[in-house]
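# Coordinate inspection notes
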Amino acid sequence: MPDMSASASLATTHLVTLAEFDKDKVTPGVLGFIVFAVMALAVWGLMKSMNRHMGKVDFKETSETETNTPRKGAPGGGGAQPSKG
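A few points on the structure. Predicted model, so just to flag it, every value in this text is computed and none were measured.

A few words now on the overall build of the protein. The helix and strand tally for the protein stands at three helices and zero strands. Of all 85 residues assigned to the protein, the portion counted as buried reaches 1%.

See below:
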């Protein structure tokens, strides 16, 4: 069987390099957090608005007999009438 200590030590050295602090690394910092927070609040507000507007929508389906018979006063309910000109 191969010796597993070599791969374990290699994995440990990779983890140690991740734990070191490097001053040359660029991090998002406070500005990145602020931008993310503003975007999160915007999405939350849009979702709340969408839910409010979707609550106003009437999803009641009409039967086929109601769709075939035009209602009086409804747009397109009467026949076509020629314009006087």
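Within the fold, D58 resides in the loop between helix 2 (29-56) and helix 3 (64-68). A distance of 3.3 Å separates the side chain of D58 from the backbone nitrogen of K60, its partner in a polar contact.

Here we take up a nonpolar patch on the surface. Residues V43, M47, M50, M54, V57 and F59 make up a contiguous nonpolar surface patch of about 590 Å² in total accessible area. Counting through the fold element by element, V43 comes out in helix 2.

So, how was this worked out
- Residues numbered from 1 in each chain as written.
- Predicted model: local features only at pLDDT ≥ 70, side-chain atom pairs only at ≥ 80, totals over all residues.
- Heavy atoms only, no water.
- Helix = DSSP H or I, 4+ residues; strand = E, 2+ residues; numbered from the N terminus.
- Buried < 20%, exposed > 50% of the residue type's maximum accessible area, 1.4 Å probe, protein only.
- Polar contact = N/O pair within 3.5 Å; in protein donor to acceptor, adjacent residues only side chain to side chain.
- Patch = residues over 30% accessible without salt bridge, like charges linked within 9 Å, V, L, I, M, F, W, Y side chains within 5 Å.
- Areas by Shrake-Rupley, 256 points an atom, 1.4 Å probe, with all protein chains shown as cover.
- Salt bridge = Lys/Arg side-chain N within 4 Å of Asp/Glu carboxyl O.

Without other data, these values stay purely geometric and don't point to any function.
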